[in-house]
Amino acid sequence: LEGFRWITSMGVDGALFVLDPTDGSVIWRQASDHMGFVALPMLCDPDGDGVLNVIATSLGGGVFNLNAVTGALVWKHAFPRADQLSFQSYATPAPGHFNDDDTLDFVTSFSLGSYPRFSQALVVWIDGTTGEPLNVRQVGRFMMSSPVVLDLNGDGKHEVLAAINAPREPVAEA
């Protein structure tokens, strides 16, 4: 981005905005699916083309990849509603390499239900090229924190740490 710009989620409709910090004018705006954006978006260049992208999860269960300069939608993945409930996300996506291409992928979390009543939590790995899930893992009933990506054992492959709210529930190891 030329100069500094602010990326924020504000307003009555919860849209994602990029603002010009000199005068506060809206450069571009992305509406969410229906519940707004709660988690902070991230800024990165997933495909190495020199153009920054905004990666954001919406409270209503969508993952958005937007061109940071123009606001154009690169891809979006939305989880379908299940049993009249929707998936919600309070997590910022974390970048990492989770498949065999050179494009950054992302991992984030979703919970099925509506706060404070959730029936399941998911950690979802998203393909950075297509926006489609690479892997989905159920982990308890509620997850608000953002996953962390690192190489724990020094083998050059990314692992994911995720804190979940599942008291007295055993969690299967991946």
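Residues numbered from 1 in each chain as written. Predicted model: local features only at pLDDT ≥ 70, side-chain atom pairs only at ≥ 80, totals over all residues. Heavy atoms only, no water.

(A) Expanded view of the overall build of the protein. Within the protein, the secondary structure is distributed over zero helices and 14 strands. Going residue by residue from the N terminus, the α and β elements of the protein occur as β-β-β-β-β-β-β-β-β-β-β-β-β-β. The burial tally for the protein puts 41% of its 174 residues in the buried class. Looking at the protein alone, contacts between residues at least 24 apart form 42% of all its contacts between residues at least 6 apart. (Helix = DSSP H or I, 4+ residues; strand = E, 2+ residues; numbered from the N terminus. Buried < 20%, exposed > 50% of the residue type's maximum accessible area, 1.4 Å probe, protein only. Contact = heavy atoms within 4.5 Å.)

(B) Focus on the side chain of Thr-103. Relative to the assigned elements, Thr-103 resides in the loop between strand E9 (94–96) and strand E10 (105–114). Classification of Thr-103 as buried rests on a relative accessible area of 13%. Among the polar contacts listed, one links the side chain of Thr-103 to the side chain of Thr-129, at a separation of 3.4 Å. (Polar contact = N/O pair within 3.5 Å; in protein donor to acceptor, adjacent residues only side chain to side chain.)

(C) Highlighting the side chain of Gln-88. Within the secondary structure, Gln-88 is located in strand E8 (residues 87–88). With a relative accessible area of 3%, Gln-88 lands in the buried category. Within the structure, Gln-88 has its side chain in polar contact with the side chain of Tyr-90 (distance 2.9 Å). Aside from chain neighbours lying at most four places away, what touches Gln-88 is Met-35, Leu-59, Gly-61, Ser-109, Phe-110, Ser-111, Gly-113, Ser-114, Tyr-115 and Phe-118.

(D) The arrangement of the environment of Asn-67 in detail. Mapped onto the elements, Asn-67 comes out in strand E6 (residues 62–67). Counting along the chain gives 16 residues from Asn-67 to Val-51, while the straight-line C-alpha distance between them is 7.4 Å. Aside from chain neighbours lying at most four places away, what touches Asn-67 is Trp-28, Val-51, Leu-52, Ala-72 and Val-74. At a separation of 2.8 Å, a polar atom in the side chain of Asn-67 contacts the main-chain amide nitrogen of Val-69.

(E) Region of the structure containing the packing of aromatic side chains. Evaluation of the coordinates by the stated rule reveals three aromatic pairs. Relative to Phe-142, the ring of Tyr-90 lies with its centre 6.4 Å away and its plane at 70°, an arrangement referred to as edge-to-face. Of this pair, Tyr-90 sits in the loop between E8 and E9 while Phe-142 sits in the loop between strand E12 (133–138) and strand E13 (148–150), placing them 52 residues apart in sequence. We note that Tyr-90, like Phe-142, is buried. Relative to Phe-142, the ring of Phe-118 lies with its centre 4.8 Å away and its plane at 15°, an arrangement referred to as stacked. Taken together, the residues Phe-118 in strand E11 (residues 117–126) and Phe-142 in the loop between E12 and E13 connect sequence positions 24 residues apart. Taken individually, Phe-118 and Phe-142 each receive the classification buried, so the pair is uniform in this respect. Site record: aromatic cluster; members linked through ring pairs are Tyr-90, Phe-118 and Phe-142. (Phe/Tyr/Trp six-rings, centres within 6.5 Å; stacked < 30°, edge-to-face > 60°.)

(F) Summary view of the layout of surface pockets. A volume near 150 Å³ is recorded for the second largest pocket. Every residue along the wall of the second largest pocket is listed here: His-97, Phe-98, Asp-155, Gly-156, Lys-157, His-158 and Glu-159. Of the residues assigned to the lining of the second largest pocket, the class counts are one nonpolar, three polar and three charged. (1 Å grid on protein atoms, 1.4 Å probe; cavity = no way out; pocket = protein on both sides within 12 Å on 5 of 7 lines; lining within 4 Å. Points joined across faces, edges and corners; volume = space filled by probe spheres on them. Nonpolar A, V, L, I, M, F, W, Y, C, P; charged D, E, K, R; others polar.)

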